[in-house]
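Analysis of the macromolecular model
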Amino acid sequence: MALSEQYLVQEADTAVVSARESTDFWVEHILRNQGTLQFRFGSASTFHGSTRAQHYAEYQLIGFRSASITYSRTRTDIRRDDDASLRIIVPTRGAMNLRQDDSTVQVVPGQGALVTKARPVDVAQPQNAQGWVMNIPAGALPLAAGAGPAVIDLRQGLGSVAFGMIGELSKQRNVIDGLGFATTCDVMIDLFRLCLRPGEKLPTTLAAVDTAVRDYIRRHATDPELTPTLIAHNLGWSLRQVQLALHGTGTTPSQLIRTERLDRARRHLREASADRTVAEIAYASGFSSLSAFGASFKERFGLTPQEARRR
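Read on for an overview of the structure. (Residues numbered from 1 in each chain as written. Predicted model: local features only at pLDDT ≥ 70, side-chain atom pairs only at ≥ 80, totals over all residues. Heavy atoms only, no water.)

Glancing now at the overall build of the protein. Of regular secondary structure, the protein possesses 11 helices and 12 strands. Relative to the globule expectation of 19 Å for 311 residues, the C-alpha radius of gyration of the protein, 20 Å, shows essentially globular dimensions. Projected onto its principal axes, the C-alpha coordinates of the protein cover approximately 60 × 50 × 40 Å. For the protein, the residues scored as buried account for 46% of the 311 residues in total. Here the contacts in the protein between residues at least 6 apart in sequence split such that 73% fall between residues at least 24 apart. When the accessible area of the protein is evaluated, it comes to approximately 14,900 Å², of which 50% is carbon and sulfur surface. The positive charge centre, built from 36 side chains, and the negative charge centre, built from 31, are 2 Å apart in the protein. (Helix = DSSP H or I, 4+ residues; strand = E, 2+ residues; numbered from the N terminus. Rg over C-alpha atoms; globule rule 2.2 N^0.38 Å. Buried < 20%, exposed > 50% of the residue type's maximum accessible area, 1.4 Å probe, protein only. Contact = heavy atoms within 4.5 Å. Areas by Shrake-Rupley, 256 points an atom, 1.4 Å probe, with all protein chains shown as cover. Lys, Arg positive; Asp, Glu negative; His and termini not counted. Charge placed at Lys NZ, Arg CZ, Asp CG, Glu CD.)

Take a look at the structure:
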């Protein structure tokens with residue numbers, strides 16, 4: 001999916017085309033918003049569906065309703081677009097069956113499920129299914145390889161708070177801007193991360209190491225001296241333990257540090273006063289090299305820091 005620094009609100013409904021054209025319309029629409037997928041319609045001749053989508057940068061929130069359909073992402077699809085971003089699927093009507101890593105879970109209203117596009121996945125929706133799909137950057141939430149979809153309880157606690165924010169963010173889609181949308185998505189990601197914390201597992205498990213490392217990086221990313229070795233030392237683990245824990249969720253300590261610094265820099269570029277230079281923002285975000293900052297920013301967001309600031 002092409003990224004945009006422009007906040008967009010879009011709606012689509014198969015009712016605008018003939019019944020004969022509805023499946024082609026839906027395939028084209030979903031591919032444009034979700035990347036390479038395969039489709040299996042419950043009944044192609046009677047299919048109907050509609051979406052309300054909000055887009056900004058790497059974030060997307062789509063409210064949907066549709067007839068019975070199964071979406072599949074194969075290894076061939078993965079090779080075609082190399083998209084490793086994450087999806088949080090939140091049904092509000094109908095039970096959905098998700099399969100990834102040879103593990104199948106059923107997700108019902110009151111729950112959400114986290115999957116990655118970096119590995120094959122199937123999402124089967126029943127007739128008259130309804131809910132939301134939230135697209136977020138790769139590595140934003142921990143998802144261990146081989147563990148299958150991660151199910152999130154949205155009925156109580158922080159999960160209930162996140163669920164309420166999704167609904168309100170969708171309702172307010174026409175009166176917020178890109179900054180407000182992205183900031184709210186960041187808060188929801190933080191809430192989902194807390195919901196995914198291991199329960200009573202021992203603090204030596206790789207899942208707990210992953211959680212602790214991510215938290216440490218979020219609190220110390222602006223320190224230009226921060227390194228994977230320093231993180232491991234200060235948390236009391238070996239660098240190998242840290243690397244193994246993050247490898248299980250598809251990232252590395254260096255990638256997490258860079259991603260956190262870039263996200264901070266982008267927020268500062270949106271919000272900073274005109275007299276604050278790009279160099280000042282780069283250094284304040286933890287970068288010690290302006291050229292490295294510019295190259296990394298362009299690679300992640302598809303535009304230079306100067307262009308991001310003008311937008």
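There is more to say after this.
What follows covers the side chain of Asp 83. Mapped onto the elements, Asp 83 comes out in the loop between α2 (75-81) and β6 (86-93). Those residues in contact with Asp 83 that sit more than four places away from it in its chain are Arg 73, Lys 117 and Ala 118.

Turning next to a nonpolar patch on the surface. On the surface, Leu 158, Val 161 and Leu 194 cluster together to form a nonpolar patch covering roughly 220 Å² of accessible area. On the secondary structure map, Val 161 appears in helix α3 (residues 157-171). (Patch = residues over 30% accessible without salt bridge, like charges linked within 9 Å, V, L, I, M, F, W, Y side chains within 5 Å. Salt bridge = Lys/Arg side-chain N within 4 Å of Asp/Glu carboxyl O.)

Attention shifts here to helix α8 (residues 253-271). Look at α8: 27 Å from first C-alpha to last across 19 residues, which is about the 27 Å you get at 1.5 Å a residue. Taken as a whole, α8 has its buried residues at Pro 253, Leu 256, Ile 257, Glu 260, Arg 261, Leu 262, Asp 263, Ala 265, Arg 266 and Leu 269. (Expected span 1.5 Å × (residues − 1).)

The subject of this paragraph is the nonpolar core. By size, the foremost hydrophobic cluster in this structure holds 28 residues, and its most contacted members are Ile 88, Met 134, Ile 136, Leu 141, Phe 181 and Phe 192. It is helix α4 (residues 178-195) that contributes the most residues to this core, 7 residues altogether. In contact with Ile 88, not counting residues within four places along its chain, are Ala 113, Leu 114, Trp 132, Val 133, Met 134, Ile 136, Leu 141 and Phe 192. In terms of nonpolar packing, the next biggest core, distinct from the first, is built from 14 residues, Ile 217, Ala 221, Ala 232 and Val 242 among them. (Core = buried A, V, L, I, M, F, W, Y, C linked by side-chain atoms within 4.5 Å.)

Excluding glycine, a negative phi dihedral is what most residues carry, and trans is how most peptide bonds are arranged. Positive phi, normally seen in glycine, also occurs at Ala 57, with a value near 50°. Notably, Asp 101 is not glycine yet its phi reads approximately 55°, a positive angle. Of note, Asp 101 is situated in the loop between β7 (96-100) and β8 (103-107).

For the rest of this paragraph, the subject is the pairing of strand β12 (residues 150-153). Only one face of β12 is buried, namely the one carrying Ala 150 and Ile 152, since none of Val 151 and Asp 153 on the opposite face is buried. As paired elements, strand β9 (residues 111-116) and β12 share 4 bridges and run antiparallel to each other. Residue Leu 114 lies in a different strand from β12, and its bridge partner there is Ala 150. (Pairing = 2+ DSSP bridges.)

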